[in-house]
Amino acid sequence: MEYRVAQLEALGRFLDDKKQEILEATELDMGKPSFEAFFSEILLCKNELNITLNNLSHWMKDEHVDKNLVMQLDSAFIRKDPYGVVLIIAPWNYPIHLFLVPLIGAIAAGNCAIIKPSEISKNTERLIAETLSCYLDNDCFAIVTGGVPETTRLLENKFDYIFFTGSPPVGRIVMTAAAKHLTPVTLELGGKNPCYVSDTCDVTNVARRVVWGRFFNAGQTCIAPDYLLCTIEMQEKLMPALREAITEFFGPNPRESPDFGRIVNDKQFQRLRALLCSGRVAIGGQTDEAERYIAPTVLADVLPSDPAMQEEIFGPILPIVVIANMDEAIDFINARPRPLALYAFSCDSKIVNQVLEQTSSGGFCGNDTLMHLTLTSLPFGGVGRSKIPSPGHWEIGLIHDLSYGEEWNSGLGKYHGKFTFDTFSHHRGCLHRNMGLETLNTPRYPPYTQQKLGLLTTTFEVKRRGTCTLL
Ligand code: NAD
(Lines give C-alpha, C1' and ligand atoms only; values in the text may rest on other atoms or scores of the structure.)
Protein backbone atom coordinates (compact mmCIF):
# COMPACT_ATOMS: atom_id res chain seq x y z
CA MET A 1 0.00 0.00 0.00
CA GLU A 2 2.80 2.48 0.90
CA TYR A 3 4.41 1.85 -2.48
CA ARG A 4 1.17 2.38 -4.39
CA VAL A 5 0.40 5.56 -2.44
CA ALA A 6 3.90 6.89 -3.17
CA GLN A 7 3.48 6.27 -6.92
CA LEU A 8 0.01 7.83 -6.95
CA GLU A 9 1.24 10.88 -5.06
CA ALA A 10 4.03 11.15 -7.62
CA LEU A 11 1.36 11.28 -10.35
CA GLY A 12 -0.24 14.13 -8.42
CA ARG A 13 3.10 15.97 -8.35
CA PHE A 14 3.46 15.35 -12.11
CA LEU A 15 0.10 17.08 -12.65
CA ASP A 16 1.02 19.98 -10.35
CA ASP A 17 4.55 20.54 -11.62
CA LYS A 18 3.71 20.10 -15.29
CA LYS A 19 0.38 21.89 -15.31
CA GLN A 20 1.61 24.74 -17.49
CA GLU A 21 3.41 22.38 -19.90
CA ILE A 22 0.27 20.23 -20.19
CA LEU A 23 -1.84 23.28 -21.04
CA GLU A 24 0.74 24.41 -23.61
CA ALA A 25 1.18 20.96 -25.21
CA THR A 26 -2.56 20.36 -25.62
CA GLU A 27 -2.92 23.89 -26.96
CA LEU A 28 -0.25 23.15 -29.56
CA ASP A 29 -1.76 19.77 -30.43
CA MET A 30 -5.37 20.80 -31.01
CA GLY A 31 -5.77 24.40 -29.87
CA LYS A 32 -7.35 23.08 -26.70
CA PRO A 33 -8.50 26.11 -24.68
CA SER A 34 -6.64 26.18 -21.37
CA PHE A 35 -9.94 26.23 -19.43
CA GLU A 36 -11.03 23.01 -21.14
CA ALA A 37 -7.57 21.46 -20.70
CA PHE A 38 -7.50 22.35 -17.02
CA PHE A 39 -10.96 20.89 -16.46
CA SER A 40 -10.58 17.69 -18.47
CA GLU A 41 -6.86 16.88 -18.29
CA ILE A 42 -6.01 18.12 -14.80
CA LEU A 43 -9.01 18.63 -12.52
CA LEU A 44 -10.82 15.41 -13.44
CA CYS A 45 -7.54 13.44 -13.16
CA LYS A 46 -6.88 15.01 -9.76
CA ASN A 47 -10.36 13.96 -8.67
CA GLU A 48 -9.66 10.37 -9.72
CA LEU A 49 -6.35 10.48 -7.85
CA ASN A 50 -7.87 11.87 -4.67
CA ILE A 51 -10.83 9.48 -4.69
CA THR A 52 -8.35 6.63 -5.12
CA LEU A 53 -5.97 7.84 -2.41
CA ASN A 54 -8.87 8.49 -0.02
CA ASN A 55 -10.28 4.99 -0.48
CA LEU A 56 -7.33 2.81 -1.36
CA SER A 57 -6.91 1.11 2.02
CA HIS A 58 -10.61 0.24 2.02
CA TRP A 59 -10.64 -0.99 -1.62
CA MET A 60 -7.55 -3.16 -1.06
CA LYS A 61 -9.03 -4.93 1.96
CA ASP A 62 -10.22 -8.50 1.62
CA GLU A 63 -13.97 -8.52 1.15
CA HIS A 64 -15.57 -11.04 3.48
CA VAL A 65 -18.56 -12.85 2.04
CA ASP A 66 -21.51 -14.96 3.22
CA LYS A 67 -20.84 -18.55 4.21
CA ASN A 68 -22.93 -21.67 4.65
CA LEU A 69 -23.58 -23.50 7.90
CA VAL A 70 -20.56 -25.81 7.68
CA MET A 71 -18.16 -22.91 7.19
CA GLN A 72 -19.21 -20.64 10.02
CA LEU A 73 -15.79 -20.94 11.68
CA ASP A 74 -13.89 -20.47 8.40
CA SER A 75 -12.94 -17.41 6.46
CA ALA A 76 -14.38 -16.75 2.97
CA PHE A 77 -13.16 -13.65 1.24
CA ILE A 78 -12.32 -11.93 -2.04
CA ARG A 79 -8.66 -10.96 -2.35
CA LYS A 80 -7.89 -8.13 -4.80
CA ASP A 81 -4.78 -9.37 -6.57
CA PRO A 82 -2.98 -7.35 -9.23
CA TYR A 83 -2.99 -8.88 -12.73
CA GLY A 84 0.73 -8.27 -13.29
CA VAL A 85 1.95 -6.17 -16.20
CA VAL A 86 -0.74 -4.14 -17.91
CA LEU A 87 -0.62 -2.27 -21.21
CA ILE A 88 -2.46 1.05 -21.49
CA ILE A 89 -2.96 2.40 -25.02
CA ALA A 90 -4.38 5.92 -25.26
CA PRO A 91 -5.88 8.12 -28.00
CA TRP A 92 -5.07 11.76 -28.79
CA ASN A 93 -8.23 13.69 -27.92
CA TYR A 94 -7.68 13.89 -24.14
CA PRO A 95 -4.05 12.81 -24.26
CA ILE A 96 -3.31 13.14 -20.53
CA HIS A 97 -6.66 12.10 -19.05
CA LEU A 98 -7.04 8.95 -21.13
CA PHE A 99 -3.75 7.37 -20.10
CA LEU A 100 -3.63 8.80 -16.58
CA VAL A 101 -7.04 7.72 -15.31
CA PRO A 102 -6.46 4.05 -16.25
CA LEU A 103 -2.90 4.30 -14.90
CA ILE A 104 -4.21 5.50 -11.52
CA GLY A 105 -6.33 2.35 -11.23
CA ALA A 106 -3.53 0.11 -12.52
CA ILE A 107 -1.13 1.45 -9.87
CA ALA A 108 -3.77 1.41 -7.15
CA ALA A 109 -4.44 -2.27 -7.85
CA GLY A 110 -0.72 -3.06 -7.63
CA ASN A 111 0.18 -3.63 -11.28
CA CYS A 112 3.21 -2.70 -13.33
CA ALA A 113 2.29 -0.76 -16.47
CA ILE A 114 3.46 0.08 -19.94
CA ILE A 115 1.90 3.27 -21.24
CA LYS A 116 1.51 3.96 -24.95
CA PRO A 117 0.32 7.55 -25.53
CA SER A 118 -1.00 8.61 -28.92
CA GLU A 119 1.57 9.67 -31.52
CA ILE A 120 -1.00 12.05 -33.04
CA SER A 121 -1.01 14.47 -30.10
CA LYS A 122 2.74 14.73 -30.57
CA ASN A 123 3.49 17.63 -28.22
CA THR A 124 1.75 15.92 -25.33
CA GLU A 125 3.36 12.61 -26.28
CA ARG A 126 6.79 14.27 -26.08
CA LEU A 127 5.95 15.84 -22.71
CA ILE A 128 4.84 12.48 -21.29
CA ALA A 129 7.89 10.67 -22.70
CA GLU A 130 10.33 13.25 -21.38
CA THR A 131 8.90 13.91 -17.95
CA LEU A 132 6.67 11.15 -16.57
CA SER A 133 9.54 8.74 -15.93
CA CYS A 134 11.09 11.32 -13.55
CA TYR A 135 8.10 10.79 -11.26
CA LEU A 136 7.46 7.05 -11.43
CA ASP A 137 9.47 4.00 -10.44
CA ASN A 138 11.06 3.07 -13.74
CA ASP A 139 11.40 -0.58 -12.74
CA CYS A 140 7.62 -0.86 -12.78
CA PHE A 141 6.34 1.80 -15.18
CA ALA A 142 7.52 2.43 -18.71
CA ILE A 143 6.42 4.70 -21.51
CA VAL A 144 6.60 3.44 -25.09
CA THR A 145 6.10 5.97 -27.85
CA GLY A 146 5.30 5.44 -31.52
CA GLY A 147 2.52 4.80 -33.99
CA VAL A 148 1.12 1.76 -35.74
CA PRO A 149 4.36 -0.25 -36.31
CA GLU A 150 5.57 0.26 -32.73
CA THR A 151 2.18 -0.55 -31.22
CA THR A 152 1.88 -3.61 -33.44
CA ARG A 153 5.24 -4.86 -32.11
CA LEU A 154 4.24 -4.00 -28.56
CA LEU A 155 1.04 -6.02 -28.93
CA GLU A 156 3.01 -9.13 -29.89
CA ASN A 157 4.13 -9.34 -26.26
CA LYS A 158 2.23 -11.20 -23.63
CA PHE A 159 0.55 -8.82 -21.17
CA ASP A 160 -1.60 -9.70 -18.20
CA TYR A 161 -4.20 -7.05 -19.06
CA ILE A 162 -4.70 -4.60 -21.92
CA PHE A 163 -6.64 -1.37 -21.47
CA PHE A 164 -7.29 0.26 -24.83
CA THR A 165 -9.01 3.56 -25.58
CA GLY A 166 -9.51 4.46 -29.22
CA SER A 167 -11.49 3.72 -32.33
CA PRO A 168 -13.54 0.54 -32.83
CA PRO A 169 -11.48 -0.69 -35.83
CA VAL A 170 -8.24 -0.48 -33.82
CA GLY A 171 -10.06 -1.98 -30.83
CA ARG A 172 -10.67 -5.02 -33.00
CA ILE A 173 -6.92 -5.22 -33.83
CA VAL A 174 -6.06 -4.96 -30.12
CA MET A 175 -8.58 -7.61 -29.14
CA THR A 176 -7.28 -9.94 -31.86
CA ALA A 177 -3.71 -9.51 -30.57
CA ALA A 178 -4.92 -10.07 -26.99
CA ALA A 179 -6.84 -13.20 -28.04
CA LYS A 180 -3.59 -14.82 -29.16
CA HIS A 181 -2.46 -14.89 -25.51
CA LEU A 182 -5.98 -14.99 -24.04
CA THR A 183 -5.23 -11.66 -22.36
CA PRO A 184 -8.21 -9.94 -20.72
CA VAL A 185 -9.05 -6.54 -22.19
CA THR A 186 -10.98 -3.38 -21.58
CA LEU A 187 -11.92 -1.59 -24.78
CA GLU A 188 -13.07 2.01 -24.47
CA LEU A 189 -14.28 2.71 -27.99
CA GLY A 190 -16.50 5.22 -29.75
CA GLY A 191 -19.40 5.63 -32.10
CA LYS A 192 -22.34 7.90 -32.63
CA ASN A 193 -24.09 9.18 -29.51
CA PRO A 194 -27.74 10.08 -30.16
CA CYS A 195 -29.37 13.02 -28.44
CA TYR A 196 -33.15 13.02 -28.41
CA VAL A 197 -34.89 16.36 -27.81
CA SER A 198 -38.58 16.03 -27.01
CA ASP A 199 -41.20 18.63 -27.90
CA THR A 200 -41.61 19.53 -24.25
CA CYS A 201 -38.38 21.14 -23.14
CA ASP A 202 -36.77 24.41 -22.27
CA VAL A 203 -35.28 25.21 -25.66
CA THR A 204 -32.74 27.75 -24.38
CA ASN A 205 -31.33 25.38 -21.77
CA VAL A 206 -31.25 22.47 -24.20
CA ALA A 207 -29.34 24.57 -26.74
CA ARG A 208 -26.74 25.74 -24.18
CA ARG A 209 -26.15 22.24 -22.82
CA VAL A 210 -25.96 20.65 -26.27
CA VAL A 211 -23.68 23.37 -27.69
CA TRP A 212 -21.33 23.01 -24.72
CA GLY A 213 -21.15 19.21 -25.05
CA ARG A 214 -20.84 19.16 -28.84
CA PHE A 215 -18.24 21.94 -29.20
CA PHE A 216 -16.10 21.25 -26.11
CA ASN A 217 -12.61 20.34 -27.39
CA ALA A 218 -13.93 21.30 -30.87
CA GLY A 219 -16.21 18.26 -30.80
CA GLN A 220 -13.33 15.80 -30.40
CA THR A 221 -14.92 13.99 -27.47
CA CYS A 222 -15.94 10.34 -27.48
CA ILE A 223 -19.15 11.01 -25.54
CA ALA A 224 -20.13 14.22 -27.33
CA PRO A 225 -23.73 14.26 -28.57
CA ASP A 226 -23.13 13.18 -32.16
CA TYR A 227 -26.52 14.09 -33.64
CA LEU A 228 -29.89 15.44 -32.53
CA LEU A 229 -33.16 13.63 -33.07
CA CYS A 230 -36.25 15.85 -32.91
CA THR A 231 -39.45 16.76 -34.71
CA ILE A 232 -39.48 19.32 -37.51
CA GLU A 233 -41.22 21.78 -35.15
CA MET A 234 -38.51 21.35 -32.53
CA GLN A 235 -35.80 21.79 -35.16
CA GLU A 236 -37.39 25.16 -36.02
CA LYS A 237 -37.48 26.22 -32.37
CA LEU A 238 -34.00 24.95 -31.58
CA MET A 239 -32.19 26.64 -34.44
CA PRO A 240 -32.29 30.24 -33.11
CA ALA A 241 -31.51 28.98 -29.60
CA LEU A 242 -28.50 27.02 -30.89
CA ARG A 243 -27.30 30.06 -32.82
CA GLU A 244 -27.69 32.23 -29.73
CA ALA A 245 -25.80 29.76 -27.53
CA ILE A 246 -22.94 29.51 -30.06
CA THR A 247 -22.68 33.31 -30.24
CA GLU A 248 -22.91 33.66 -26.47
CA PHE A 249 -20.14 31.08 -25.92
CA PHE A 250 -17.77 31.89 -28.80
CA GLY A 251 -18.72 35.40 -29.95
CA PRO A 252 -19.83 36.47 -33.44
CA ASN A 253 -16.68 34.94 -35.00
CA PRO A 254 -15.74 31.70 -33.19
CA ARG A 255 -12.46 31.66 -35.10
CA GLU A 256 -11.29 34.51 -32.91
CA SER A 257 -12.51 32.94 -29.71
CA PRO A 258 -9.81 31.68 -27.31
CA ASP A 259 -12.42 29.20 -26.09
CA PHE A 260 -12.84 27.20 -29.27
CA GLY A 261 -10.31 24.54 -30.31
CA ARG A 262 -8.89 23.30 -33.60
CA ILE A 263 -8.88 19.94 -35.40
CA VAL A 264 -5.92 17.79 -34.43
CA ASN A 265 -4.44 17.12 -37.90
CA ASP A 266 -4.99 17.52 -41.63
CA LYS A 267 -6.39 14.02 -42.10
CA GLN A 268 -9.12 14.64 -39.53
CA PHE A 269 -9.75 18.12 -40.98
CA GLN A 270 -10.27 16.74 -44.51
CA ARG A 271 -12.51 13.97 -43.19
CA LEU A 272 -14.68 16.45 -41.29
CA ARG A 273 -14.91 18.97 -44.12
CA ALA A 274 -16.29 16.23 -46.36
CA LEU A 275 -19.19 15.74 -43.92
CA LEU A 276 -20.44 19.32 -44.39
CA CYS A 277 -22.34 18.35 -47.54
CA SER A 278 -24.89 16.51 -45.37
CA GLY A 279 -28.34 18.10 -45.14
CA ARG A 280 -28.31 21.91 -45.09
CA VAL A 281 -25.76 24.09 -43.28
CA ALA A 282 -28.00 26.09 -40.91
CA ILE A 283 -25.28 27.54 -38.64
CA GLY A 284 -21.52 27.89 -39.24
CA GLY A 285 -19.95 25.81 -41.99
CA GLN A 286 -16.86 28.04 -42.42
CA THR A 287 -13.50 26.29 -42.58
CA ASP A 288 -9.85 27.32 -42.75
CA GLU A 289 -7.45 24.62 -43.80
CA ALA A 290 -4.30 26.46 -42.73
CA GLU A 291 -5.57 26.72 -39.15
CA ARG A 292 -7.52 23.45 -39.26
CA TYR A 293 -10.51 25.50 -38.16
CA ILE A 294 -14.07 24.33 -38.60
CA ALA A 295 -16.71 26.69 -37.24
CA PRO A 296 -19.27 25.35 -34.78
CA THR A 297 -21.69 23.98 -37.34
CA VAL A 298 -25.28 22.80 -37.23
CA LEU A 299 -26.66 20.82 -40.16
CA ALA A 300 -30.43 20.73 -40.55
CA ASP A 301 -32.66 18.12 -42.21
CA VAL A 302 -29.89 15.53 -42.32
CA LEU A 303 -30.94 12.16 -43.75
CA PRO A 304 -29.82 8.83 -42.31
CA SER A 305 -28.13 8.16 -45.65
CA ASP A 306 -26.03 11.39 -45.54
CA PRO A 307 -22.24 11.13 -44.98
CA ALA A 308 -22.48 12.74 -41.51
CA MET A 309 -24.61 9.80 -40.38
CA GLN A 310 -22.24 7.10 -41.65
CA GLU A 311 -19.39 7.63 -39.18
CA GLU A 312 -18.60 9.05 -35.76
CA ILE A 313 -18.31 12.82 -36.34
CA PHE A 314 -15.62 13.61 -33.74
CA GLY A 315 -15.55 17.29 -34.66
CA PRO A 316 -17.56 20.53 -34.32
CA ILE A 317 -20.48 19.48 -36.51
CA LEU A 318 -23.97 18.77 -35.20
CA PRO A 319 -26.45 17.16 -37.59
CA ILE A 320 -30.16 17.25 -36.84
CA VAL A 321 -32.18 14.29 -38.04
CA VAL A 322 -35.91 14.91 -38.10
CA ILE A 323 -38.18 12.20 -36.72
CA ALA A 324 -41.97 12.15 -36.32
CA ASN A 325 -42.15 11.35 -32.60
CA MET A 326 -40.42 9.72 -29.63
CA ASP A 327 -41.23 6.18 -30.75
CA GLU A 328 -39.53 6.80 -34.07
CA ALA A 329 -36.52 8.28 -32.25
CA ILE A 330 -36.28 5.15 -30.11
CA ASP A 331 -36.55 2.92 -33.19
CA PHE A 332 -33.85 5.00 -34.86
CA ILE A 333 -31.53 4.59 -31.86
CA ASN A 334 -32.22 0.87 -31.50
CA ALA A 335 -31.58 0.21 -35.18
CA ARG A 336 -27.98 1.34 -34.70
CA PRO A 337 -24.99 0.14 -32.68
CA ARG A 338 -25.45 0.57 -28.97
CA PRO A 339 -23.75 3.92 -28.29
CA LEU A 340 -21.20 4.94 -25.67
CA ALA A 341 -23.51 7.70 -24.43
CA LEU A 342 -27.16 8.50 -24.94
CA TYR A 343 -28.86 11.80 -24.20
CA ALA A 344 -32.53 12.67 -23.81
CA PHE A 345 -33.97 16.10 -23.11
CA SER A 346 -37.48 16.71 -21.83
CA CYS A 347 -39.25 18.68 -19.12
CA ASP A 348 -41.35 15.57 -18.63
CA SER A 349 -39.25 13.08 -16.68
CA LYS A 350 -41.53 10.27 -17.90
CA ILE A 351 -40.19 10.86 -21.41
CA VAL A 352 -36.57 10.82 -20.24
CA ASN A 353 -37.26 7.58 -18.35
CA GLN A 354 -39.00 6.05 -21.35
CA VAL A 355 -35.95 6.69 -23.55
CA LEU A 356 -33.73 5.24 -20.81
CA GLU A 357 -35.89 2.15 -20.45
CA GLN A 358 -36.41 1.38 -24.13
CA THR A 359 -32.79 1.73 -25.28
CA SER A 360 -29.30 0.50 -24.42
CA SER A 361 -26.06 2.49 -24.18
CA GLY A 362 -22.77 2.60 -22.29
CA GLY A 363 -23.90 5.59 -20.22
CA PHE A 364 -26.95 7.82 -20.09
CA CYS A 365 -27.51 11.45 -19.22
CA GLY A 366 -30.97 13.02 -19.06
CA ASN A 367 -31.28 16.78 -19.67
CA ASP A 368 -27.55 17.44 -20.08
CA THR A 369 -24.50 16.29 -22.00
CA LEU A 370 -21.10 14.91 -20.87
CA MET A 371 -21.81 15.53 -17.18
CA HIS A 372 -22.24 11.87 -16.23
CA LEU A 373 -18.53 11.42 -16.96
CA THR A 374 -17.57 13.83 -14.18
CA LEU A 375 -18.96 11.56 -11.44
CA THR A 376 -16.32 9.11 -10.27
CA SER A 377 -19.14 7.17 -8.62
CA LEU A 378 -20.57 6.17 -12.02
CA PRO A 379 -19.04 3.43 -14.18
CA PHE A 380 -17.85 4.66 -17.55
CA GLY A 381 -17.62 2.43 -20.62
CA GLY A 382 -19.32 0.93 -23.62
CA VAL A 383 -21.87 -1.82 -23.93
CA GLY A 384 -20.37 -4.06 -26.56
CA ARG A 385 -21.47 -5.13 -29.97
CA SER A 386 -24.21 -3.63 -32.03
CA LYS A 387 -27.80 -4.67 -32.00
CA ILE A 388 -29.07 -6.51 -35.04
CA PRO A 389 -31.84 -4.36 -36.46
CA SER A 390 -35.25 -5.95 -36.06
CA PRO A 391 -37.29 -6.56 -39.23
CA GLY A 392 -39.40 -3.47 -38.44
CA HIS A 393 -36.39 -1.23 -38.93
CA TRP A 394 -35.94 -2.36 -42.51
CA GLU A 395 -39.23 -0.72 -43.31
CA ILE A 396 -38.06 2.73 -42.23
CA GLY A 397 -35.18 2.63 -44.68
CA LEU A 398 -32.18 1.97 -42.47
CA ILE A 399 -30.69 -0.92 -44.42
CA HIS A 400 -27.58 1.07 -45.38
CA ASP A 401 -26.68 1.32 -41.68
CA LEU A 402 -25.83 -2.35 -41.46
CA SER A 403 -22.24 -1.89 -42.61
CA TYR A 404 -21.80 0.85 -40.00
CA GLY A 405 -23.33 -1.44 -37.39
CA GLU A 406 -20.97 -4.28 -38.14
CA GLU A 407 -17.86 -2.21 -37.60
CA TRP A 408 -18.85 0.06 -34.72
CA ASN A 409 -18.99 -0.85 -31.12
CA SER A 410 -18.86 1.23 -27.95
CA GLY A 411 -16.50 -1.14 -26.17
CA LEU A 412 -16.41 -3.46 -23.20
CA GLY A 413 -15.48 -3.04 -19.56
CA LYS A 414 -15.86 -0.03 -17.35
CA TYR A 415 -13.71 2.31 -15.26
CA HIS A 416 -13.57 5.53 -13.17
CA GLY A 417 -13.26 5.62 -9.39
CA LYS A 418 -13.51 2.22 -7.75
CA PHE A 419 -14.47 0.67 -11.11
CA THR A 420 -10.92 1.35 -12.35
CA PHE A 421 -9.43 -0.33 -9.28
CA ASP A 422 -11.72 -3.33 -9.83
CA THR A 423 -10.88 -3.46 -13.55
CA PHE A 424 -7.19 -3.86 -12.78
CA SER A 425 -7.71 -6.31 -9.89
CA HIS A 426 -8.21 -10.01 -10.17
CA HIS A 427 -10.99 -10.82 -7.71
CA ARG A 428 -9.61 -13.99 -6.21
CA GLY A 429 -12.20 -16.12 -4.44
CA CYS A 430 -10.60 -17.52 -1.29
CA LEU A 431 -11.72 -19.90 1.43
CA HIS A 432 -9.49 -20.47 4.45
CA ARG A 433 -10.81 -23.40 6.47
CA ASN A 434 -10.30 -24.40 10.07
CA MET A 435 -7.98 -27.44 10.44
CA GLY A 436 -10.12 -29.00 13.16
CA LEU A 437 -13.85 -29.74 13.54
CA GLU A 438 -13.56 -32.70 11.21
CA THR A 439 -16.97 -34.05 12.24
CA LEU A 440 -18.54 -31.20 10.30
CA ASN A 441 -16.94 -32.59 7.12
CA THR A 442 -17.87 -36.24 7.45
CA PRO A 443 -21.28 -35.94 5.72
CA ARG A 444 -19.54 -35.28 2.39
CA TYR A 445 -17.12 -38.22 2.54
CA PRO A 446 -17.77 -41.73 1.22
CA PRO A 447 -19.17 -44.18 1.94
CA TYR A 448 -22.25 -42.20 0.92
CA THR A 449 -25.52 -42.83 2.72
CA GLN A 450 -29.00 -41.42 2.49
CA GLN A 451 -28.56 -39.88 5.96
CA LYS A 452 -25.36 -38.10 4.88
CA LEU A 453 -27.15 -36.74 1.80
CA GLY A 454 -29.89 -35.34 4.06
CA LEU A 455 -27.30 -33.62 6.30
CA LEU A 456 -25.41 -32.31 3.29
CA THR A 457 -28.60 -30.86 1.85
CA THR A 458 -29.52 -29.16 5.12
CA THR A 459 -26.14 -27.50 5.46
CA PHE A 460 -25.49 -26.57 1.82
CA GLU A 461 -28.91 -25.83 0.37
CA VAL A 462 -29.73 -22.21 -0.49
CA LYS A 463 -33.46 -21.60 -0.01
CA ARG A 464 -35.57 -19.05 -1.82
CA ARG A 465 -36.49 -16.25 0.56
CA GLY A 466 -40.11 -16.37 1.66
CA THR A 467 -40.53 -20.13 1.16
CA CYS A 468 -41.09 -22.01 4.38
CA THR A 469 -40.92 -25.80 4.21
CA LEU A 470 -42.80 -26.16 7.53
CA LEU A 471 -46.06 -24.83 6.07
P1 NAD B 1 -7.10 5.20 -32.70
O2 NAD B 1 -7.81 3.93 -32.49
O3 NAD B 1 -6.68 5.56 -34.07
O4 NAD B 1 -5.73 5.21 -31.83
C5 NAD B 1 -5.72 4.89 -30.46
C6 NAD B 1 -4.35 4.30 -30.11
O7 NAD B 1 -4.14 3.11 -30.87
C8 NAD B 1 -3.18 5.22 -30.40
O9 NAD B 1 -2.27 5.16 -29.33
C10 NAD B 1 -2.58 4.64 -31.67
O11 NAD B 1 -1.20 4.81 -31.73
C12 NAD B 1 -2.92 3.17 -31.60
N13 NAD B 1 -3.13 2.58 -32.91
C14 NAD B 1 -3.67 3.17 -34.01
N15 NAD B 1 -3.73 2.31 -35.04
C16 NAD B 1 -3.21 1.14 -34.58
C17 NAD B 1 -3.00 -0.14 -35.17
N18 NAD B 1 -3.32 -0.39 -36.43
N19 NAD B 1 -2.45 -1.10 -34.41
C20 NAD B 1 -2.13 -0.88 -33.13
N21 NAD B 1 -2.31 0.32 -32.53
C22 NAD B 1 -2.84 1.31 -33.23
O23 NAD B 1 -8.00 6.31 -32.03
P24 NAD B 1 -7.77 7.88 -32.00
O25 NAD B 1 -7.94 8.42 -33.38
O26 NAD B 1 -6.53 8.20 -31.27
O27 NAD B 1 -8.99 8.35 -31.08
C28 NAD B 1 -10.27 8.57 -31.59
C29 NAD B 1 -11.20 7.41 -31.28
O30 NAD B 1 -11.11 7.05 -29.93
C31 NAD B 1 -12.65 7.75 -31.52
O32 NAD B 1 -13.30 6.66 -32.12
C33 NAD B 1 -13.20 7.98 -30.13
O34 NAD B 1 -14.57 7.78 -29.99
C35 NAD B 1 -12.41 7.00 -29.36
N36 NAD B 1 -12.34 7.39 -27.96
C37 NAD B 1 -13.01 6.66 -27.04
C38 NAD B 1 -12.99 7.05 -25.72
C39 NAD B 1 -13.71 6.28 -24.65
O40 NAD B 1 -13.51 6.58 -23.50
N41 NAD B 1 -14.55 5.31 -24.99
C42 NAD B 1 -12.27 8.18 -25.35
C43 NAD B 1 -11.61 8.90 -26.32
C44 NAD B 1 -11.64 8.50 -27.63
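Residues numbered from 1 in each chain as written. Predicted model: local features only at pLDDT ≥ 70, side-chain atom pairs only at ≥ 80, totals over all residues. Heavy atoms only, no water.

A. The arrangement of the sheet that holds strand β15 (residues 341–345) in detail. Strand order in the open sheet formed by seven strands is β10-β13-β14-β9-β8-β15-β16, and the pairing between neighbours is mixed. On the outer flanks of this sheet lie β10 (280–283) and β16 (363–366), each paired with one strand and no other. For this sheet the average axis-to-axis angle between neighbouring strands, irrespective of direction, equals 25°. As judged from the three bridges shared by strand β13 (residues 297–300) and strand β14 (residues 317–322), these two strands associate in the parallel manner. Pairing of Leu299 across the sheet is with Pro319, part of β14. On top of the sheet, helix α12 (residues 349–357) reaches β8 (194–197), β15 and β16; it is set at about 170° to β16, its chief contact. (Pairing = 2+ DSSP bridges. Helix = DSSP H or I, 4+ residues; strand = E, 2+ residues; numbered from the N terminus. Axes fitted to C-alpha atoms, helices over the stretch in contact; angles between N-to-C directions. Contact = heavy atoms within 4.5 Å.)

B. Summary view of the site of the ligand. The environment of the ligand is formed by 27 residues, the closest being Ala90, Glu119, Ser167, Leu189 and Glu312. Glu188 is positioned with one of its backbone polar atoms (N or O) 3.4 Å from a nitrogen atom of the ligand. Protein chains shield 91% of the accessible area of the ligand, which is 840 Å² for the free molecule. Listing elements by their share of the shell around the ligand, those giving two or more residues are α6 (148–155), β6 (161–165) and α7 (168–180). (Near = heavy atom within 4 Å. Polar contact = N/O pair within 3.5 Å; in protein donor to acceptor, adjacent residues only side chain to side chain. Areas by Shrake-Rupley, 256 points an atom, 1.4 Å probe, with all protein chains shown as cover.)

C. Structural context of the packing of aromatic side chains. One pass over the full model with this rule turns up 14 aromatic pairs. Centroid distance Trp92 to Phe314: 5.4 Å. Interplanar angle 80°. Geometry classified as edge-to-face. Here Trp92 is found in the loop between β3 (85–89) and α4 (97–108), whereas its partner Phe314 is found in the loop between β13 and β14, with 222 residues between them in sequence. Across this residue pair, the class does not change: Trp92 and Phe314 are buried. Taken together through their ring pairs, the aromatic side chains of Tyr83, Tyr161, Phe163, Phe380, Tyr415 and Phe424 make up a single cluster. (Phe/Tyr/Trp six-rings, centres within 6.5 Å; stacked < 30°, edge-to-face > 60°. Buried < 20%, exposed > 50% of the residue type's maximum accessible area, 1.4 Å probe, protein only.)

Purely geometric stuff here, so don't read any function into it on its own.
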